[in-house]
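Tertiary structure, described
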Amino acid sequence: MVMKKLLIACLGIFYLISCTDQLRIDEKQMAEDVTYGTSAKYLLSGSIDGIAQWYQKAGIREDRHNAVVQYYQQLFSVKSQTYEEFSKAPENWNTELELLKPVKAGLELAVEEGEPFIEGALLVLKSFMFAYLTNQWGDVPYTEALRGREGIFFPKFDPQREIYDGMLADLDRAIMLMESTSNYKEPQFDLIYAGSTEKWVKFANSLKIRLLVSSYEAYKKNGVDNGPKIGAIVSSGKYFTAISDNAAYLYLGTANYNSWPLGYFNDNSGNELTRRKPSTTFVNTLKTLNDPRLNGWIAPALIPWANAAATVQVTDRYGFTYEVKQQDINGDTNADGVPDGQGNTEGYPVGELYVGMPVGFGEGNPVRYGGTVPPAGAYDNYRTSSFGKLFVQDKSPLLKLTLLQACEVNLSLAEAVQKGWITGNAKTFYDNGVTLSMQRWQIPASEITAYLANQLVILDGNNNLEKIATQKWLALFTVGTEAYFEYRRTKLPSVIGNAVPTGLGNNFPERWRYPTAEKDNNTEQYDEAVA
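Scope of this entry: the structure provided in the associated data block. (Residues numbered from 1 in each chain as written. Predicted model: local features only at pLDDT ≥ 70, side-chain atom pairs only at ≥ 80, totals over all residues. Heavy atoms only, no water.)

Some points on the overall build of the protein chain
Counting secondary structure elements, the protein chain contains 20 helices and 7 strands. Expressed as a percentage of its 531 residues, the buried residues of the protein chain come to 52%. (Helix = DSSP H or I, 4+ residues; strand = E, 2+ residues; numbered from the N terminus. Buried < 20%, exposed > 50% of the residue type's maximum accessible area, 1.4 Å probe, protein only.)

Below, the structure is given as structure tokens:
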């Protein structure tokens, strides 16, 4: 009957618009009116996993963030290392906003269903996502974001200060809600903490520390000292102090959607790993500091130059093995009277097992560093190291979907003390931060103790801020998004800036460009934001 009526309407001589147009109007109205049968608990678990999967994949595979802080050099391009990629505006920010949609819907349902735990957890996730958006772009839609059903199709861009105020207020409410209720009765829907209100309070407070430290100087310029707020969190003890507090959980490793982003399910060729070569900045820092994470994070070069030919087996700290064929730099395998290494070394560290890729090398052809070595091809260079075999696993106790870690929080507190924002012992927070990072990567206690006693590492009043920033940079490996935000804020560690080749003509990217979709479709608000 409905279809018959629709057909008659479409054929009627008095019908003023086409049937197709009317169907589109009907579809639009149905989309606005539709109500899906779900519950807040399902939106909680879906939001956690969606956000964590996206954030961790960006943390290890987003080339612009990771390359600009020099965790790695792209094998086929130097555009991210030299900031050129940042001149391109993304098409949209749909991915980020799509992740926020179930958060918004879940918050509304949690209130309707009387679920304070779910409301609190989703408020934390909301603040986490908007922190990313505003740190990435600055002023962004906030108060009018995701309100299309209310008729707001062209949302205004809120000032970053107001966004930070809103996020901090949401986190305060989340803490209040969590502290006023008991552990969640259905823990399977909380993928991170299995329904623990205590852990979520720590997460909320630790995220507040991240926000308050990153925005401290901006607030201070406007007459607001947030030091007491940071100090109050520290005094409460309700923040991340152990790796068991980390906002992180394990991959299942049974399919591409629940496996590590560089594992077999997501990259059965292995090219996604080998085309991202650890940079000289990263590798040499680990070597200089005698950092025990080196021989787990970094694989040896497979055919490095050496002063004598030899084949050696190398086993890293996680039990993965590598066959290293050292090539004699003075050898003459072609019997042409020309040493094999002549003209190929280009500053290559002869005799070293761990060899980083120089930042910006070759301006487009880094695969040639150290001389070509068949059969590496376009996706590898056997003269240089790759990341360790740990990172091609689909799952491991060491590979987690990570949102926020205790090591970062404690190193931020060390910075806050060192800069006089809060009272306390900077060395205690610093040592805790370094220790927590080492523990997260299963470094034995004896090696941690020796590392903290290293004169290049120990916080002894000599270049303290540089040392704190260096350790935070190392601790944020695999969380490259946050490492970029940190370096942009402090311009430390200086080794990153010092390693950028001169004369490349690109300024450091302080912000991402706004998406082209906003410029094209939300023009009035876009123009006001960039004015």
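Resuming the write-up.
So, the packing of aromatic side chains
Tallying each qualifying case throughout the model produces 37 aromatic pairs. With 5.9 Å between their ring centres and 85° between their planes, Trp 137 and Trp 512 make a pair best called edge-to-face. Of this pair, Trp 137 sits in helix H6 (residues 116–137) while Trp 512 sits in the loop between helix H18 (494–498) and helix H19 (516–521), and the two are 375 residues apart along the sequence. Ring pairs connect the aromatic residues Tyr 71, Tyr 72, Tyr 251, Trp 260, Phe 282, Trp 297, Phe 387, Phe 391, Trp 441, Trp 473 and Phe 477, which therefore count as one cluster. Above the face of the Tyr 322 ring, Lys 389 is positioned so that its terminal group lies 4.8 Å from the ring centre. Looking at Arg 440, its charged tip hangs above the ring of Trp 441, at a distance of 3.8 Å from the centre. (Phe/Tyr/Trp six-rings, centres within 6.5 Å; stacked < 30°, edge-to-face > 60°. Lys NZ or Arg CZ within 6 Å of the ring centre and 35° of its normal.)

So, the sheet that holds strand S6 (residues 321–328)
Judged by pairing direction, the sheet is mixed, and its 3 strands sit side by side in the order S4-S6-S5 without closing on themselves. Looking at which strands have only one partner, the edges of the open sheet turn out to be strand S4 (305–306) and strand S5 (310–315). (Pairing = 2+ DSSP bridges.)

Structural notes on the pattern of salt bridges
On inspection of all chains with the given rule, the structure shows 35 salt bridges. Measuring nitrogen to oxygen at the nearest pair gives 3.2 Å for the salt bridge that ties Arg 64 to Glu 62. When sorted by exposure, Arg 64 lands in the same class as Glu 62, which is buried. A salt bridge links Glu 486 to Arg 489, with the shortest nitrogen-to-oxygen separation between them at 2.9 Å. With Glu 486 and Arg 489 both in helix H17 (residues 480–490) and 3 residues apart, this pair spans about one turn of that helix. Since its relative accessible area comes to 10%, Glu 486 is described here as buried. For Arg 489, a relative accessible area of 23% corresponds to the partly exposed category. (Salt bridge = Lys/Arg side-chain N within 4 Å of Asp/Glu carboxyl O.)

Observations regarding the pairing of strand S7 (residues 400–404)
For S7, a buried count of 4 out of 5 residues is recorded, marking the element as mostly surrounded by other parts of the structure. Alignment of strand S2 (residues 247–250) against S7, held across 4 bridges, turns out to be antiparallel. Looking at the pairing, Ala 248 lines up with Thr 402 of S7.

Describing the nonpolar core
In this structure, Trp 200, Phe 203, Phe 282, Phe 391 and Leu 403 are the most contacted members of the largest nonpolar core, which totals 133 residues. Counting residues per element, this core draws most heavily on H6, at 14 residues. The residues touching Phe 391, leaving out its near neighbours within four places in the chain, are Trp 260, Leu 262, Gly 263, Leu 273, Gly 296, Trp 297, Leu 399, Trp 441, Phe 477 and Thr 478. One finds Trp 305, Val 355, Met 357 and Tyr 369 within the second-largest nonpolar core, a separate group that totals 9 residues. (Core = buried A, V, L, I, M, F, W, Y, C linked by side-chain atoms within 4.5 Å. Contact = heavy atoms within 4.5 Å.)

A look at the side chain of Arg 293
Relative to the elements of secondary structure, Arg 293 occurs in the loop between helix H11 (280–288) and helix H12 (294–297). A polar contact is formed between the side chain of Arg 293 and the side chain of Asp 291, at a distance of 2.7 Å. Sequence-distant contacts of Arg 293, defined by excluding residues within four places in its chain, comprise Ser 437, Met 438, Trp 441, Ile 443, Tyr 451, Gln 471, Leu 474 and Ala 475. (Polar contact = N/O pair within 3.5 Å; in protein donor to acceptor, adjacent residues only side chain to side chain.)

Observations regarding the packing of H6 against helix H7 (residues 160–179)
With their axes 8 Å apart at the nearest point, H6 and H7 run at an angle of 160° to one another. Considered as vectors, H6 and H7 are oriented roughly antiparallel to each other. Two packed elements cross with a definite hand, and for H6 against H7 that hand is left-handed. By residue class, the composition of the contact of H6 with H7 is 14 nonpolar, 5 polar and 4 charged. (Axes fitted to C-alpha atoms, helices over the stretch in contact; angles between N-to-C directions. Parallel < 35°, antiparallel > 145°, perpendicular 65-115°, else oblique. Left-handed = near helix turned anticlockwise from the far one by under 90°. Nonpolar A, V, L, I, M, F, W, Y, C, P; charged D, E, K, R; others polar.)

Quick look at the environment of Tyr 484
Inspection of the secondary structure assignment puts Tyr 484 in helix H17. In this structure Tyr 484 touches His 65, Val 68, Val 69, Phe 86, Gln 136, Phe 508, Pro 509, Glu 510, Arg 511 and Trp 512, once residues within four positions along its chain are discounted.

Digging into the pairing of S6
Inspection of the sheet shows S4 paired to S6 by 2 bridges, in the parallel sense. Residue pairing in the sheet places Ala 306 in a bridge with Asp 328 of S6. Here 6 bridges tie S5 to S6, and the two strands are oriented antiparallel to one another. Residue Gln 313 lies in a different strand from S6, and its bridge partner there is Glu 323. A loop of 5 residues connects S5 with S6, the two strands running antiparallel in sequence, and Gly 319 in this loop sits at a positive phi of about 90°.

Side note on helix H15 (residues 445–453)
Residues of H15 that are buried include every one of Ile 448, Tyr 451 and Leu 452, and no others. End-on, the buried residues of H15 take up no more than an arc of 95°, which puts them together on one face. Away from its buried face, by an angle of more than 90 degrees, H15 presents the exposed residues Ser 446, Thr 449 and Ala 450. Those residues of H15 hidden inside the fold are in contact with helix H14 (426–440) and helix H16 (464–475). (Arc of directions from axis to C-beta.)

Points about H7
Taking 1.5 Å of rise per residue, 20 residues should cover 28 Å, and H7 covers 29 Å from first to last C-alpha, within 8% of that figure. Residues of H7 that are buried in the fold lie against H6 and helix H8 (197–221). (Expected span 1.5 Å × (residues − 1).)

A short note on the environment of Thr 274
By secondary structure assignment, the location of Thr 274 is in helix H10 (residues 271–274). Separated by 114 residues in sequence, Thr 274 and Gly 388 place their C-alpha atoms 9.9 Å apart. With near-sequence residues (within four places) excluded, Thr 274 lies in contact with Leu 75, Tyr 379, Asp 380 and Ser 386.

Quick notes on the environment of Ser 87
Among the structural elements, Ser 87 can be located in the loop between strand S1 (72–74) and helix H5 (94–113). The class for Ser 87 is partly exposed, based on a relative accessible area of 42%. With 425 residues separating them in the primary sequence, Ser 87 and Trp 512 have C-alpha atoms 8.0 Å apart.

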